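A structural walkthrough
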Amino acid sequence: MTLEEIKLKIREYIVENAYVEHDEVMNDTQIFVEGLLDSMGFILLISFIEETFQFKAKDSELLEENFQSVNAISTFVVRKLQENLNKCAE
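Residues numbered from 1 in each chain as written. Predicted model: local features only at pLDDT ≥ 70, side-chain atom pairs only at ≥ 80, totals over all residues. Heavy atoms only, no water.

This paragraph deals with the packing of helix α1 (residues 3-18) against helix α2 (residues 39-53). Put simply, α1 and α2 touch, their axes get as near as 11 Å, and they point 145° apart. Between α1 and α2 lies a crossing of right-handed hand. Contacts from I6, K9, I10 and Y13 of α1 reach α2 at L44, L45, F48, T52 and F53. Residues that form the contact of α1 with α2 fall into these classes: seven nonpolar, one polar and one charged. (Axes fitted to C-alpha atoms, helices over the stretch in contact; angles between N-to-C directions. Helix = DSSP H or I, 4+ residues; strand = E, 2+ residues; numbered from the N terminus. Left-handed = near helix turned anticlockwise from the far one by under 90°. Contact = heavy atoms within 4.5 Å. Nonpolar A, V, L, I, M, F, W, Y, C, P; charged D, E, K, R; others polar.)

And the structure:
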């Protein structure tokens, strides 16, 4: 899966669950600052990411900088997927 495909999946999830139009969610839109998702939305977003990309986020990784925008989330997802690949290669 490419970075752009990951961003698209995340953006589509946010659009569907925040009940907004596609043009309201850009890759750099501040999801929580803009009020697109609240704390419950954050929990559901984590569940979506874990199920969709097949990894478990550690509590220590549930930081604002990892989830503030589509760009931040996709960077986090790529990092976690890479970690899992590295573990499998060992």
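What follows deals with the side chain of T29. In this structure, T29 sits in the loop between α1 and α2. In this structure T29 comes out as buried when scored by relative accessible area, which is 12%. Looking at T29, its side chain comes within polar contact range of the main-chain nitrogen of M26, at 2.8 Å. Beyond its immediate stretch of four places on either side in the chain, T29 contacts E24, E34, L36, Q68, S69 and V70. (Buried < 20%, exposed > 50% of the residue type's maximum accessible area, 1.4 Å probe, protein only. Polar contact = N/O pair within 3.5 Å; in protein donor to acceptor, adjacent residues only side chain to side chain.)

Further remarks concern the packing of aromatic side chains. Per the counting criterion, the structure on display carries five aromatic pairs. Taken together, a centroid distance of 5.7 Å and an interplanar angle of 75° make the contact between F32 and F42 edge-to-face. Of this pair, F32 sits in the loop between α1 and α2 while F42 is found in helix α2, placing the two residues 10 residues apart along the sequence. Judged by centre distance (5.9 Å) and plane angle (70°), the rings of F55 and F76 are edge-to-face. Of this pair, F55 sits in the loop between α2 and α3 (64-67) while F76 sits in helix α4 (residues 70-89); the two residues are 21 residues apart in sequence, bridging distant segments of the chain. Under the relative-accessibility criterion, F55 is labelled buried at 6%. Put simply, the rings of F32, F42, F55, F67 and F76 touch in pairs and so form one group of aromatic residues. (Phe/Tyr/Trp six-rings, centres within 6.5 Å; stacked < 30°, edge-to-face > 60°.)

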